[in-house]
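Next come the chains, spelled out residue by residue.
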Amino acid sequence: MEKADIKSWNQKELEEFLVSLGEKPFRARQIYPWLHVRHVASFEEITDISGKLKEKLTEKCRIITLKQVKVQVSKLDGTRKYLFALEDGAMIESVLMRYKHGNSVCISSQAGCRMGCRFCASTLDGLVRSLTPSEMLEQIYRIQEDIEERISHTVVMGMGEPLDNYDNLLKFIELLSDKNGVNISQRNITVSTCGIVPNIYKLAEEKLQITLALSLHASSQEKREELMPIAKKYDIYQVVEACRDYFEKTGRRITFEYSLVGGVNDSDEDAYRLAKLIEGVNCHVNLIPVNPIKERNYVQSKEQVILNFKNKLEKYGKNVTIRREMGRDIEGACGQLRKQFSEREARP
Ligand code: SAH
């Protein structure tokens, strides 16, 4: 029988398991921080339980850990990009960004992705598999150990589509914000989605305090379909409507992400249509200069065009920021590092 993934359990599930082994319930409260705060790699390292319990745990459970394959450090802004190997050899990327307000980690929710967005490197080779809650948490734990500093913010904006891995994402958020774990406030967690509409409605019902970021990237259905195949399944109006519902149910302001692609979605007309499209939604627009990948011939909008786009939106009363580009010198865009690594490996 496959061993249980003990780091994907919340305290209640851990307790039920321990009770089933004939242990006292309080053992869960004792063991949980060893896994989620001290990040032990084996049950042997736990000092306050009996040898017999350690043996039982070792027999029935495994402690998922990631292997750091590579880290690239930006000379520009101290951003650190990590390549991690999962236990089955699949590769994922995570990024540490240092801000004045704290350390933020961008994590992957899947190895690869099946959404097929045209400008994104993570999706070029399709989906390998979804990550478990423990594998999502581990990205933060490993980085925290590496830099020996607290991580205060998490964005689920790395490889993969988080709402395509819904149950594991939810468990991950629960464990990440658990007071007995790393204890990252839900308000400091952002989940970014390409717009899987039914799951946005579902997420709204969970009444979490996380921020939802919606990758919009276009002002019309026609253009969005060109850039993002998911738009063929759920159209741009359905997506915006789901975001409106998310705000109404949770009171959390939506972030619309809009990657500016030179000559594709950056005209004055796009700015006007975008403003109309999101009219009345309590939101914030985050403009991202597209990070060109070599597999596609998309280019960044000129700086003046970006500023102009921002000004236009502001004139229409929108709240807009331009995302600071971090780690440009270290393959900052999602999936680029893994792609580059696998191509090098493949070369004789
Ligand atoms: N699947 C999720 C989260 C992962 S990507 C989503 O679609 O939101 C995080 C953000 O980066 C998304 O807005 C995505 O569209 C954007 N992105 C991906 N590749 C990019 C690139 N090369 N340049 C600019 N933005 C990119």
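Now for a quick tour of the structure. (Residues numbered from 1 in each chain as written. Predicted model: local features only at pLDDT ≥ 70, side-chain atom pairs only at ≥ 80, totals over all residues. Heavy atoms only, no water.)

**Thoughts on the pattern of salt bridges**
What the rule picks out here adds up to 26 salt bridges. If you follow the salt bridges from partner to partner, you end up with K7, E138, R142 and E145 in one network. (Salt bridge = Lys/Arg side-chain N within 4 Å of Asp/Glu carboxyl O.)

**Notes on the pairing of strand β11 (residues 211–215)**
Taken residue by residue, a regular strand's side chains alternate between the two faces of the sheet. Taking burial as the measure, the five residues of β11 include five buried ones, the bulk of the element. Where burial is concerned, the two faces of β11 agree: the one with T211, A213 and S215 and the one with L212 and L214 are both buried. Following the chain from strand β10 (residues 189–193) across helix α6 (residues 197–205) to the adjacent parallel β11, one finds a crossover that is right-handed. Bridging between β11 and strand β12 (residues 254–260) involves three bridges; their strand directions are parallel. Note on β12: the bridge partner recorded for L214 is F256. (Buried < 20%, exposed > 50% of the residue type's maximum accessible area, 1.4 Å probe, protein only. Helix = DSSP H or I, 4+ residues; strand = E, 2+ residues; numbered from the N terminus. Right-handed = clockwise from strand over helix to strand, strands pointing away. Pairing = 2+ DSSP bridges.)

**Looking at the site of the ligand**
Around the ligand there are 18 residues in total, and G160, S192, S215, H217 and N291 lie nearest to it. Between a nitrogen atom of the ligand and a main-chain N or O atom of G160, the distance comes to 3.0 Å. In the environment of the ligand, a nitrogen atom lies 2.8 Å from a nitrogen or oxygen atom belonging to the backbone of N291. Protein coverage of the free-state accessible area of the ligand, which is 530 Å², stands at 94%. Of all the secondary structure elements, the ones that give two or more residues to the shell around the ligand are β10 and β12. Here the shell around the ligand is built from residues that sort into eight nonpolar, eight polar and two charged. (Near = heavy atom within 4 Å. Polar contact = N/O pair within 3.5 Å; in protein donor to acceptor, adjacent residues only side chain to side chain. Areas by Shrake-Rupley, 256 points an atom, 1.4 Å probe, with all protein chains shown as cover. Nonpolar A, V, L, I, M, F, W, Y, C, P; charged D, E, K, R; others polar.)

**A look at the pairing of β10**
Counting buried residues along β10, five of its five residues qualify, which places the element largely inside the surrounding structure. On β10, burial covers both faces: I189, V191 and T193 on one face and T190 and S192 on the other are all buried. Pairing of strand β9 (residues 153–156) with β10, which is carried by three bridges, proceeds in the parallel orientation. Of the residues in β10, the one forming a bridge with V155 is T190. Each parallel crossover has a hand, and the one from β9 via helix α5 (residues 166–176) to β10 is right-handed. Relative to β11, β10 is paired through four bridges, and the arrangement is parallel. Opposite T193, over in β11, you have L214 as the bridge partner.

**What about the packing of helix α9 (residues 268–277) against helix α10 (residues 303–315)?**
Contact geometry of α9 with α10 gives a least axis separation of 9 Å together with a crossing angle of 35°. Handedness of the crossing formed by α9 with α10: right-handed. Contacts between α9 and α10 pair D268, D270, A271, L274 and A275 from the former with N308, F309, K312 and L313 from the latter. Along the lines of polarity and charge, the residues of the contact of α9 with α10 split into five nonpolar, one polar and three charged. (Axes fitted to C-alpha atoms, helices over the stretch in contact; angles between N-to-C directions. Left-handed = near helix turned anticlockwise from the far one by under 90°. Contact = heavy atoms within 4.5 Å.)

**Description of the side chain of Q30**
Within the fold, Q30 resides in helix α2 (residues 26–36). Sequence-distant contacts of Q30, that is, excluding residues within four places in its chain, are made with D48 and I49.

**Digging into the packing of aromatic side chains**
Enumeration according to the criterion identifies four aromatic pairs in this entry. Considering the side-chain rings of Y82 and F84, the 5.5 Å spacing of their centres and the 5° angle between planes classify their relative orientation as stacked. Judged by relative accessible area, which is 0%, Y82 ranks as buried. Using a relative accessible area of 0% as the deciding quantity, one classes F84 as buried. With a centroid separation of 5.6 Å and 70° between ring planes, the pair formed by Y272 and Y316 is classed as edge-to-face. Residue Y272 is found in helix α9, and its partner Y316 is found in the loop between α10 and β14 (320–322); the two are separated by 44 residues along the sequence. The partly exposed category is assigned to Y316, whose relative accessible area is 33%. (Phe/Tyr/Trp six-rings, centres within 6.5 Å; stacked < 30°, edge-to-face > 60°.)

**Regarding the environment of D270**
Relative to the assigned elements, D270 resides in helix α9. In this structure, the C-alpha to C-alpha distance between D270 and A218, residues 52 residues apart in sequence, is 7.6 Å. Excluding its chain neighbours within four sequence positions, the residues that come into contact with D270 are S219, K223, Y258, V264, N265 and F309. Within polar-contact distance, the side chain of D270 engages the backbone nitrogen of D266 at 3.3 Å.

**Brief notes about the nonpolar core**
Grouped together as the largest cluster of nonpolar side chains are 97 residues, with contacts concentrated most on L57 and F172. With seven residues, α5 is the largest single contributor of residues to this core. What F172 contacts, discounting residues up to four positions off in sequence, is I107, P133, M136, L137, I140, T154 and V156. Formed by five residues, the second largest nonpolar core is a distinct cluster that contains V95, C106, V155 and M326. (Core = buried A, V, L, I, M, F, W, Y, C linked by side-chain atoms within 4.5 Å.)

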